[in-house]
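Report on the structure
This is what each chain is made of:
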Amino acid sequence: MLDLLIKNGRNVAGEPLEIGITDGKISHVSAKIEEEAEKVLRLTDDAIISAGWIDSHVHCYEKMTLYYDFPDEIGVKKGVTTVIDAGSTGEANIKDFYELAKKAATNVYALLNISKWGIIKQDELSDLGNINLETDKERIQELSDFIIGIKARMSRTVVGNNDVIPLKMAKELQKELADLPLMVHIGSAPPELSDILALLEAGDIVTHCYNGKLNGIMSEEGKIKDFVWDAYKRGIIFDIGHGTDSFNFSVAQEALDEGVICRTISTDIYHRNRENGPVFDFSTTLEKMLSLGLSLKTVIDMVTKNPAEIFHLTEKGQLAVGKDGDITVFHVTDKEKMLIDSNGNQTSVNQTVEPLYAIVAGNVYPISKE
Ligand SMILES: [Zn+2]
């Protein structure tokens with residue numbers, strides 16, 4: 001007897017797909033499943049089933065004052081089954097975050113900010129006294145099921161006069177921890193983007209990759225900078241991290257046209273850019289990437305398989321027997337919509353992505369329309 005049987009769905013290629021979930025894990029994946037189930041979820045004809053969506057850059061520790069949100073507001077209520085908080089907290093407050101996060105329906109993981117209180121204020125890395133690699137290491141080992149990487153924010157307002165020193169310290173910490181994933185935020189100089197990328201290695205993640213700032217990946221002539229190409233070819237991972245200030249349609253289009261392709265799509269969402277835009281929710285960010293010419297399959301891989309691989313979430317990101325029973329059901333509908341980037345540029349699309357259900361370990365959360 002299955003706990004949950006999802007009937008009448010399709011995969012991203014449009015082929016019939018049904019899924020069975022038992023004890024929180026995917027137990028059946030097939031075009032047609034004829035099994036008894038405790039609960040049957042019968043989908044409408046246009047419903048698409050994918051592995052549960054993973055947003056790999058969010059801020060959801062509700063006790064912060066600057067960047068905060070609630071995991072379920074940006075998670076299951078938006079079709080997202082897993083969120084990765086990108087450095088809201090550091091070694092001094094991440095335990096409290098962990099205790100709160102356990103209560104959410106959404107799966108929550110965190111990247112540890114190398115500054116001890118996380119983003120308690122905008123310039124968390126301007127005082128090197130806030131970085132203690134020994135306690136960072138202790139905390140990462142203690143909360144190894146929750147902390148799945150390290151975060152260092154490398155832009156002028158964050159690092160003050162410290163240039164790339166905090167990044168060198170983050171790399172040192174990473175080396176002691178079996179190459180735990182390191183996510184680096186980029187923005188205005190100093191530090192110069194070229195100096196940041198020079199310190200990164202294959203597997204390191206650059207978030208806010210398609211920002212429209214001068215210190216970004218595109219030159220004033222509108223081409224991808226040579227040193228950015230070098231970094232890309234060395235295997236550095238590019239992540240969207242849309243955010244309030246960090247996604248620009250022209251930069252994204254040029255990068256995609258030239259072949260500097262992001263591996264993950266993420267929002268950098270928190271309550272303010274959720275309520276007022278330009279982020280709003282995960283599916284709106286997916287619509288933006290579709291509008292730039294990526295296929296639905298590519299976009300879905302960028303929010304399932306790719307982040308699961310990069311952050312070593314080995315039980316997630318795939319519709320395969322034995323994997324976690326995390327599923328997103330959505331549809332792509334013909335509807336006019338205006339999309340806006342972080343610099344106020346607009347583009348209109350005639351297809352929207354609408355999540356219908358978030359399913360976490362076999363528990364079904366229908367998405368209510370606002
Ligand atoms: Zn962020």
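Description of the structure in this document. What you see is a predicted model, and the numbers here were worked out from it, not measured in a lab.

The rules behind these values
- Residues numbered from 1 in each chain as written.
- Predicted model: local features only at pLDDT ≥ 70, side-chain atom pairs only at ≥ 80, totals over all residues.
- Heavy atoms only, no water.
- Pairing = 2+ DSSP bridges.
- Helix = DSSP H or I, 4+ residues; strand = E, 2+ residues; numbered from the N terminus.
- Axes fitted to C-alpha atoms, helices over the stretch in contact; angles between N-to-C directions.
- Contact = heavy atoms within 4.5 Å.
- Buried < 20%, exposed > 50% of the residue type's maximum accessible area, 1.4 Å probe, protein only.
- Polar contact = N/O pair within 3.5 Å; in protein donor to acceptor, adjacent residues only side chain to side chain.
- Donors = N, O, S within 2.8 Å, 3.2 Å for Na, K, Ca; no water.
- Core = buried A, V, L, I, M, F, W, Y, C linked by side-chain atoms within 4.5 Å.
- Domains from an automatic or database assignment.
- Phe/Tyr/Trp six-rings, centres within 6.5 Å; stacked < 30°, edge-to-face > 60°.

Strand order in this open sheet of 7 strands is S6-S7-S8-S9-S10-S11-S12, and the pairing throughout is parallel. For this open sheet the edge positions go to strand S6 (53-58) and strand S12 (237-239), each flanked by a neighbour on one side alone. Across this sheet, the average inter-strand angle for adjacent strands is 25°, counted without regard to direction. Across 5 bridges, strand S9 (residues 147-154) lies against strand S10 (residues 182-186) in parallel orientation. Considered in S10, the bridge of Arg153 is made with His185. Running over the sheet, helix H5 (residues 165-176) touches S9 and S10 and is turned about 165° from S9.

A few words now on the environment of His59. Mapped onto the elements, His59 comes out in the loop between S6 and helix H1 (71-74). With relative accessibility at 3%, the residue His59 sits in the buried group. Not counting residues up to four positions away in its chain, the partners in contact with His59 are Tyr67, Tyr68, Asp69, Ile74, Asp85, Ala86, Ser88, Ile119, Asp268, Ile269 and Tyr270. A polar atom in the side chain of His59 sits 3.0 Å from the side chain of Asp268.

Moving on, we come to the coordination of the zinc ion. Taken together, His57 (NE2), His59 (NE2) and Asp268 (OD) make up the protein donors of the zinc ion, found 2.1 to 2.3 Å from the metal. Each donor residue of the zinc ion lies on one chain, and together they are spaced H-x1-H-x208-D. A residue pair is termed long-range when its members are at least 10 positions apart, and His57 in strand S6 and Asp268 in the loop between helix H8 (249-258) and helix H9 (271-275) qualify at 211 residues. Residue classification places His57 among the buried residues on the basis of a relative accessible area of 1%. Among the residues examined, Asp268 registers a relative accessible area of 13% and is labelled buried.

The next thing to look at is the nonpolar core. Trp53, Phe97, Phe146, Leu200, Tyr210, Ile217 and Met289 are the most contacted members of the largest nonpolar core, which has 78 residues in total. By residue number, the principal contributor to this core is H8, which donates 5 residues. Residue-level mapping places this core at the junction of two domains, with at least three residues from each of domain 1 (2-50 + 320-336 + 343-366) and domain 2 (52-310). Residues in contact with Met289, not counting those within four places in the same chain, are Tyr210, Ile240, Phe247, Leu256, Cys262, Ile265, Leu294 and Val299. By size, the runner-up hydrophobic cluster in this structure holds 14 residues, among which are Leu17, Ile19, Ile26 and Leu41.

This part is about the packing of aromatic side chains. The final tally for this structure, using the stated rule, is 9 aromatic pairs. Look at Tyr61 and Phe97: their rings are 5.2 Å apart centre to centre, the planes differ by 55°, and that puts the pair in the tilted class. With Tyr61 in the loop between S6 and H1 and Phe97 in helix H2 (residues 94-101), the pair connects residues that are 36 residues apart, well separated along the chain. Across the pair, Phe97 and Tyr61 agree in class, each one buried. On the numbers, 5.0 Å between centres and 50° between planes, the contact of Tyr98 with Phe146 is tilted. Of this pair, Tyr98 sits in helix H2 while Phe146 sits in the loop between helix H3 (133-142) and S9, placing them 48 residues apart in sequence. Relative accessible area serves as the criterion here: at 23%, Tyr98 is assigned to the partly exposed category. Look at Phe146 and you get buried, because its relative accessible area is 3%. Of the aromatic side chains, those joined through ring pairs into one cluster are Tyr61, Phe97, Tyr98 and Phe146.

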